[in-house]
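# Per-entry structural report
Chain residues, written in single-letter form:
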Amino acid sequence: KQNNTQESSSSSSSSPPPPTSTTMTLLQPKTITELNYPQMLNNLLPPSIRVVGWSPVSTEFSARFSCSHRIYRYYFVRSNLNLDDMYRAAKLMEGDHDFRNFCKMNCEQVYNFRRKMHQLRIVRSDGVEHVPKEEEEEEGGGGGDDSKMTEEQD
């Protein structure tokens, strides 16, 4: 009776037989396709805001507290902007400044409100950095000098 019970339980069991040399299969590497996050986000954002890229980070990373530096690029569609005034305003922002007044109220995790603006540039849509005429003369530049472009250029 015990033999019959064992036989019937093994034959009615839904588990596969133990691996043998004939039933063992090799694991194939799984191909992982990356999701197109910029496209997914751009489908949700208004046309005036675009995501152009992303980078994976560790789970411990905080965009707010872990960054050592950031690069921002702003694109203005209007063509009648006063680039000389924008240049002069950008130069005033370069350096070390206290941004306490731009923070959320009751900011509990922030103890240092100082930030250093390393470089602010005005770059025309044709890729040439805008420098007012009087600045070019002081620097001795010839205008449109490619050496002024940095690694931030696309």
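Keep in mind the model is a prediction, meaning the values are calculated, not measured. (Residues numbered from 1 in each chain as written. Predicted model: local features only at pLDDT ≥ 70, side-chain atom pairs only at ≥ 80, totals over all residues. Heavy atoms only, no water.)

### A few points about the overall build of the protein
In terms of regular secondary structure, the protein is built from four helices and two strands. What you see in the protein, going N to C, is helices and strands ordered as α-α-α-β-β-α. When the 154 residues of the protein are sorted by exposure, 10% land in the buried category. Total accessible area on the protein is roughly 14,100 Å²; 54% of this is exposed by carbon and sulfur atoms. (Helix = DSSP H or I, 4+ residues; strand = E, 2+ residues; numbered from the N terminus. Buried < 20%, exposed > 50% of the residue type's maximum accessible area, 1.4 Å probe, protein only. Areas by Shrake-Rupley, 256 points an atom, 1.4 Å probe, with all protein chains shown as cover.)

### Comments concerning the packing of aromatic side chains
On inspection of all chains with the given rule, the structure shows two aromatic pairs. Taken together, a centroid distance of 4.8 Å and an interplanar angle of 85° make the contact between Tyr37 and Trp54 edge-to-face. Of the two residues, Tyr37 is situated in helix 2 (residues 37–44) and Trp54 in the loop between helix 2 and helix 3 (83–93); the sequence distance between them amounts to 17 residues. Between Tyr72 and Tyr74 the ring centres are 6.4 Å apart and the planes differ by 15°, which places this aromatic pair in the stacked class. A residue is classified by how much of its surface remains accessible, and Tyr72, at 56% relative accessible area, is exposed. (Phe/Tyr/Trp six-rings, centres within 6.5 Å; stacked < 30°, edge-to-face > 60°.)

### Some words on the pattern of salt bridges
Side chains that differ in sign of charge can pair as their charged atoms come close. Counting across every chain of the model gives six salt bridges. A salt bridge links Glu134 to Arg88; the shortest N-O distance between them is 2.7 Å. Of the two residues, Glu134 sits in helix 4 (residues 133–139) while Arg88 sits in helix 3, which places them 46 residues apart along the sequence. By relative accessible area, Arg88 is classed as partly exposed at 36%. A salt bridge links Arg114 to Asp96, with the shortest nitrogen-to-oxygen separation between them at 2.8 Å. Here Arg114, found in strand 2 (residues 114–117), pairs with Asp96, found in strand 1 (residues 95–98); they are 18 residues apart in sequence, far enough to count as distant. (Salt bridge = Lys/Arg side-chain N within 4 Å of Asp/Glu carboxyl O.)

### Quick notes on the confidence of the model for the protein
Scored by pLDDT, the protein has a mean of 76; 72% of the residues are at 70 or more. Taken as a whole, residues 1–11 scores under 50 in pLDDT and shows zero contacts with residues more than four places along the chain or in a different chain. Long-range and interchain partners of residues 142–154, a stretch whose pLDDT sits below 50, account for 22 contacts in this model, where long-range means more than four residues apart. (pLDDT = per-residue confidence, 0-100. Contact = heavy atoms within 4.5 Å.)

### Some remarks on helix 3
Residue pairs spaced three or four apart in an α-helix point in one direction, given the helix's 3.6 residues per turn. The residue sitting at the N-terminus of helix 3 and contributing the capping side-chain oxygen is Asn82; that oxygen lies 3.2 Å from the backbone nitrogen of Asp84. Backbone geometry just downstream of helix 3 places Gly95 in the positive-phi region, at approximately 115°. (Polar contact = N/O pair within 3.5 Å; in protein donor to acceptor, adjacent residues only side chain to side chain.)

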